[in-house]
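Single-letter residue listing:
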Amino acid sequence: NAGVMQNPRHLVRRRGQEARLRCSPMKGHSHVYWYRQLPEEGLKFMVYLQKENIIDESGMPKERFSAEFPKEGPSILRIQQVVRGDSAAYFCASSRRGGNQPQHFGDGTRLSIL
Amino acid sequence: ELKVEQNPLFLSMQEGKNYTIYCNYSTTSDRLYWYRQDPGKSLESLFVLLSNGAVKQEGRLMASLDTKARLSTLHITAAVHDLSATYFCAVDMWVTGKLIFGQGTTLQVKP
C-alpha cells in the first residue's frame, strides 16, 4: 500500500531557475492538496485539484506559481523564477473525495534557493 | 476568513507531568484534526474529531472537541520523552476540504 509519494525529497535551485515538485496520490485517491510550510510555521493551504481541474487555488501566489493534475501522471507544482522566499517545505496530501475525507500527507519536498 | 490559533506555541515539561494544548478556531466547523510532526518529517495523523463532544484517546494523548465553544484540546498525561514533537491542529473547510492549520505547539519533554 504505497502512500502519497513526493519527489524529489530535497531540491536546490538558484534564484531565477524553475522548480518542479511532483506528487503521486495514494491509490484510489483523486483529490490532491498542496501545502507550504515556511520555517517555524504551520502549513498553509495553496491549491486543491482533482484530475484535470483546479478546484480551489485561493492560497496560490498570483505570480510564478502554477499547479496541475493531469489525467495521467502525478500532480505538479511549478515555481518559475524562484526567489529566496520560496525556500520552504512543500507537502502534498491526497484524499478519496473532497470535503469530510481524511487527507494523507506525503513526506514533502524541501526546496532550498541559493 | 477562518483562523486557527493554538496555545501555547512552545511547551517545555518534565517527564511524568500532565499538560493541555488548546486549539481555538473562528468559524463553524464540525471536523478537527490533530497531527504530529517530528523535525524534518511529514505529518502523522493522530486524531480526527467529527462531532461536538467527541473524545478520542491513544496512549498518553487524549483529544476533545467542543464545537459550540470552537475549542479543541489535546491533553498529555504523564509525558515521556518520545512525545517531544510539534503538534498541529487543523480545521476542515467543508466544501473543499482544505485544511486550515494552527501555528503548531512545539513540545519538549525533559527527562
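Just above, that's the structure.
Residues numbered from 1 in each chain as written. Chains lettered and ligands numbered in written order. Predicted model: local features only at pLDDT ≥ 70, side-chain atom pairs only at ≥ 80, totals over all residues. Heavy atoms only, no water.

Caption draft 1: Main features of the overall build of chain A. Within chain A, the secondary structure is distributed over 0 helices and 11 strands. Along chain A, helices and strands appear, N-terminal first, in the series β-β-β-β-β-β-β-β-β-β-β. For chain A, whose C-alpha radius of gyration is 13 Å, the value lies close to the compact-globule estimate of 13 Å for 114 residues. C-alpha extents for chain A along the principal axes are approximately 35 × 25 × 25 Å. The buried share among the 114 residues of chain A stands at 45%. Taking as baseline every contact in chain A between residues at least 6 positions apart, the subset at least 24 positions apart corresponds to 52%. Computed over 18 positive and 11 negative side-chain charges, the separation of the two mean positions in chain A equals 4 Å. (Helix = DSSP H or I, 4+ residues; strand = E, 2+ residues; numbered from the N terminus. Rg over C-alpha atoms; globule rule 2.2 N^0.38 Å. Buried < 20%, exposed > 50% of the residue type's maximum accessible area, 1.4 Å probe, protein only. Contact = heavy atoms within 4.5 Å. Lys, Arg positive; Asp, Glu negative; His and termini not counted. Charge placed at Lys NZ, Arg CZ, Asp CG, Glu CD.)

Caption draft 2: View of the state of the cysteines. Residues and elements named next belong to chain A. If you walk through the whole model with that rule in mind, you get 2 disulfides over all chains. Shown here is the disulfide that connects C23 with C92, its sulfur atoms set 1.8 Å apart. Judged by the sign of its S-S torsion, about -55°, the bond between C23 and C92 is left-handed. Residue C23 is found in strand β3 (residues 19-24), and its partner C92 is found in strand β9 (residues 88-95); the two are separated by 69 residues along the sequence. (Disulfide = S-S within 2.5 Å.)

Caption draft 3: Region of interest: the sheet that holds strand β1 (residues 5-7) of chain A. Residue and element names in this part refer to chain A. The sheet built from 4 strands is open, its strands ordered β1-β3-β8-β7 with antiparallel pairing. Of all the strands in the sheet, just β1 and β7 (65-68) have a single pairing partner and so form its edges. Put simply, the sheet's adjacent strands are angled 15° from each other on average, direction ignored. Pairing analysis gives 5 bridges linking β3 to strand β8 (residues 75-79), with the strands arranged antiparallel. Its bridge partner being in β8, R22 is matched across the sheet by I76. (Pairing = 2+ DSSP bridges. Axes fitted to C-alpha atoms, helices over the stretch in contact; angles between N-to-C directions.)

Caption draft 4: A look at the interface of chain A and chain B. With 21 residues of chain A at the interface, the matching set in chain B holds 19 residues. For the chain A and chain B pair, buried surface summed over both sides reaches about 1500 Å², with 54% attributable to carbon and sulfur atoms. Here chain A is connected to chain B by 1 salt bridge. Linking D56 of chain A and K98 of chain B is a salt bridge whose minimum nitrogen-to-oxygen distance equals 3.4 Å. Applying the counting criterion to the chain A and chain B interface returns 7 residue pairs in polar contact (both at pLDDT 80 or more). Among the residues forming the side of chain A that touches chain B, the class breakdown is 7 nonpolar, 9 polar and 5 charged. (Buried area = accessible area lost by both parts, 1.4 Å probe. Salt bridge = Lys/Arg side-chain N within 4 Å of Asp/Glu carboxyl O. Polar contact = N/O pair within 3.5 Å; in protein donor to acceptor, adjacent residues only side chain to side chain. Nonpolar A, V, L, I, M, F, W, Y, C, P; charged D, E, K, R; others polar.)

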